[in-house]
Each structure stands twice: as structure tokens, then as C-alpha cells.
Amino acid sequence: MTVLHELKNTNIMDQEIAELIIGHEKVAHVQAANPLDHALLILIKSGYTAVPVLDMHYRVQGQISKAQVLDTILGTERIEMDKLHEHTVESVMSEKVPKMNVDDNFGKALTLSINHPFVCIEDDEGAFVGLITRRAILVMVHREFQSD
Ligand code: AMP
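Every value quoted in this text rests on a predicted model; they were computed, and no experiment measured them.

**Things to note about the sheet that holds strand β2 (residues 30–31)**
So, step 1. Pairing within the open sheet is mixed, and its three strands lie in the order β2-β3-β4. Looking along the sheet, the strands with just one partner apiece sit at the ends: β2 and β4 (60–65).
So, step 2. In terms of strand pairing, β2 meets strand β3 (residues 50–54) through two bridges, oriented parallel. Of the residues in β3, the one forming a bridge with Gln31 is Leu54.
So, step 3. Packing against the sheet, helix α2 (residues 36–46) makes contact with β2, β3 and β4, and its axis sits at approximately 70° to β4.

Okay, structure coming up:
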């Protein structure tokens, strides 16, 4: 039996995700209308590769990465830092961001984390609750299957 088959046979997939969520107050984020210099500041200061993009009503719009910011200001001979303020987060971000409801189960988080380092969590009104990292998901799987 493969590990994946064993996972299907346990109730880990049905468990709640609440304890895995990093609450929104601890999440570094930017807003869609922010200029890129602000986004780069947040990305560098937080140390994260990518952070969620929220709107004024705390709804998830997408995500933005250091690579996307740097690509935007990459000139033919130098990185044009002076161009940062000419672009907004919205014009550079990716709208493809994995999202799930706070009441969805662990199985959904595990599936989404295959292709994404973090998953955004929303409440029933679509407001951002926080995020779950792939790392937190792996810790939970490890805890479930370790023998000692
Ligand atoms: P980690 O597994 O802790 O390296 O997190 C994976 C990714 O999730 C990071 O590279 C970030 O893109 C995102 N992330 C994790 N924690 C936070 C946070 N507190 N604020 C913003 N993004 C985060």
C-alpha cells in the first residue's frame, strides 16, 4: 500500500484546519493599489518569497513575489530601481492564488499545497482569515505518520 493510499484511509483528511492557520494579524501583505517600492520593502523586510495581496475590504486579490517585482524593473543593463514607483502591485501580481474556506478540511489544504507554498484562508464573507503554509501541512502529516 502506498503512502497516498494510507492517507486516504485515515481521518486526517477530515480534520479541521483552524490550528494550522497563521492569523491575518501576523501575515505580511500588500494592497493592490500600493506602488511596487512598498511591495519590495515588505517582501525584503518580511524575508518571504511572496506575500498575499488584499483589497481595502481585506479580500484576497492575488499574490506578489520578489521575482515578479524584480522582473518588472529589469532593464537591459541594470535593475532600474527608480522605476519601482511607476508600477502598482495590481499591474504585476498574479491573480492565481490558492484559497479555501476556514471550514474546509485538511484534505483540501493538502491538495492545494502540492503546487503552492501557502494557501489563503477566507471566512464565509470572503474576508481574509490568514494563511496555511505547506510547512505546517507537512508537520501535521509527519506527526500523524511518525512511528514513535
Ligand atoms: P514557510 O513554509 O514558513 O517558508 O512559508 C511558505 C511561504 O508562505 C512563504 O514563502 C511566504 O510566501 C508565505 N508566508 C508564510 N508565513 C507568512 C507570513 N507571516 N506573512 C506572509 N507570508 C507568509
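**Looking at the site of the ligand**
So, step 1. The full set close to the ligand counts 13 residues, and Lys26, Ala28, Tyr48, Ala50 and Arg135 are the nearest of them.
So, step 2. In the model, a nitrogen atom of the ligand is placed 3.0 Å from a nitrogen or oxygen of the Lys26 main chain.
So, step 3. Here Tyr48 contributes a side-chain N or O atom positioned 3.3 Å from a nitrogen atom of the ligand.
So, step 4. When residues of the shell around the ligand are traced back to their parent elements, those giving at least two are β3 and β7 (128–133).
So, step 5. Split into classes, the residues belonging to the shell around the ligand amount to nine nonpolar, two polar and two charged.

**Comments concerning the pairing of β3**
So, step 1. Burial analysis of β3 places five of its five residues in the buried class, which makes it a mostly covered element.
So, step 2. Here five bridges tie β3 to β4, and the two strands are oriented antiparallel to one another. Bridge pairing in β4 places Pro52 opposite Gln63.
So, step 3. Where β3 folds back onto β4 in an antiparallel hairpin, the turn is made up of five residues, including Tyr58, whose phi is positive at roughly 65°.

**Here we look at helix α6 (residues 134–145)**
So, step 1. Taking 1.5 Å per residue as the helical rise, α6 with its 12 residues ought to reach 16 Å, and the 17 Å between its terminal C-alpha atoms agrees with that figure.
So, step 2. Of the positions making up α6, those classed as buried are Ala136, Ile137, Met140 and Val141. Here the buried residues of α6 occupy an arc of 140° about the axis, which is enough to place them on one side. Along α6, exposed side chains directed more than 90 degrees from the buried face belong to Arg135, Leu138 and His142.

**Some points on the environment of Leu36**
So, step 1. For Leu36, the location among the structural elements is in helix α2.
So, step 2. Considering only alpha carbons, one finds Leu36 and Met93, 57 residues apart in sequence, at a separation of 10.0 Å.
So, step 3. Not counting residues within four places of it along the chain, the set of residues in contact with Leu36 comprises Ile64, Val69, Thr72, Leu84, His87, Thr88, Val89 and Val92.

**Regarding helix α5 (residues 106–113)**
So, step 1. Listed in full, the buried residues belonging to α5 are Phe106, Gly107, Ala109, Leu110 and Ser113. Buried residues of α5 fall within an arc of 160° about the axis and therefore sit on the same side.

The rules behind these values
- Residue indices begin from 1 for each chain and proceed along its sequence in written order.
- It should be noted that, the model being predicted, local features are given only for residues of pLDDT at least 70 and side-chain atom pairs only at 80 or more, the latter also being counted only at that level, while totals for whole chains, interfaces and linings use all residues.
- Note that the side-chain values use all heavy atoms of the structure and ignore hydrogens as well as water.
- Think of it this way: DSSP has to see at least two bridges between two strands before they count as a pair.
- Strands here are runs of E lasting at least two residues and helices are runs of H or I lasting at least four, both read from the DSSP assignment and numbered beginning at the N terminus.
- Note on contacts: a residue pair qualifies if any of its non-hydrogen atoms lie within 4.5 Å across the two residues.
- Interaxial angles span 0 to 180 degrees and are taken between N-to-C directions of axes, which are lines fitted to C-alpha atoms, for helices over the stretch in contact.
- Near is defined per residue: the residue qualifies when any heavy atom it owns lies within 4 Å of the molecule or strand.
- Polar contacts, as counted here, are pairs of nitrogen or oxygen atoms within 3.5 Å of one another; within protein the pair requires one atom able to donate a hydrogen and one able to accept it, and residues that are adjacent in sequence qualify only if both atoms are side-chain atoms.
- Following the grouping adopted for this structure description, the nonpolar residues are Ala, Val, Leu, Ile, Met, Phe, Trp, Tyr, Cys and Pro, the charged ones are Asp, Glu, Lys and Arg, and the polar ones are all others, Gly among them.
- Burial classes: relative accessible area under 20% of the type maximum marks a residue as buried, over 50% as exposed, and values in between as partly exposed (1.4 Å probe, protein chains only).
- In a helix, the anticipated span is given by 1.5 Å times the number of residues less one.
- Think of it as the arc spanned by the lines of direction from the helix axis to the C-beta atoms.

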